[in-house]
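# Observations on the three-dimensional arrangement
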Amino acid sequence: MTSILILNGPNLNLLGTRQPEVYGQTTLADIQALCAETAKELGCDITFEQNNSEGALIDLIHAARETHDGIILNAGAYTHTSVALMDALASVELPCIELHLSNIHAREEFRHTSYISKVALGVICGFGAQGYPLAIRALHGHLG
Ligand code: CA2
């Protein structure tokens, strides 16, 4: 069975509690439930994780090499700063979809740069929580 790691970076644990005008009212637990529904429908296996630490995210990416077929990554603000996360993704050679709730290109200039895009199979942004099921379908389709 296809196995997908869904990885969420810093501050995404606060979803639904602050800045609803930017990130919506959906909580990360709601998103996890949405992902579980999609995975059940497609017949694939998902692991859903959130961590605020760059090093922990890198460790999860390294471990995925042995356990998962692909990665969906919302790296939060590390998207715009982390060469280390980019290198980790490149090193495991797993297909990765970069995901954002907001349209990062319609926001501040500093969010227009993504280190993750340089090693991603594709990017989904701007569709809020619905981006997660879209990314699962896209990666599942890619993995065949
Ligand atoms: O749009 C996205 O998904 C982002 O990855 C979210 C990051 C942001 O730094 C990226 O540029 C785009 C921020 C996540 C912070 O989430 C919060 C949720 C509720 C309250 C405050 C922050």
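Residues numbered from 1 in each chain as written. Predicted model: local features only at pLDDT ≥ 70, side-chain atom pairs only at ≥ 80, totals over all residues. Heavy atoms only, no water.

What follows is about helix H4 (residues 83–92). All of the buried residues along H4 are Leu85, Met86, Ala88, Leu89 and Val92. What you see down the axis of H4 is that its buried residues fit within an arc of 160 degrees, all on one side. Its buried side turned inward, H4 meets helix H3 (54–67), strand S3 (70–74) and strand S4 (96–100). (Buried < 20%, exposed > 50% of the residue type's maximum accessible area, 1.4 Å probe, protein only. Helix = DSSP H or I, 4+ residues; strand = E, 2+ residues; numbered from the N terminus. Arc of directions from axis to C-beta. Contact = heavy atoms within 4.5 Å.)

Our focus in this paragraph is the sheet that holds strand S2 (residues 45–50). Here we have five strands laid out as an open sheet, ordered S2-S1-S3-S4-S5, and parallel in their pairing. Single-partner strands in this sheet number two, and they are S2 and strand S5 (122–125). Across this sheet, the average inter-strand angle for adjacent strands is 20 degrees, counted without regard to direction. By the bridge criterion, four bridges tie S4 to S5 in an arrangement that is parallel. When the bridges of S5 are listed, Glu98 appears paired with Val123. (Pairing = 2+ DSSP bridges. Axes fitted to C-alpha atoms, helices over the stretch in contact; angles between N-to-C directions.)

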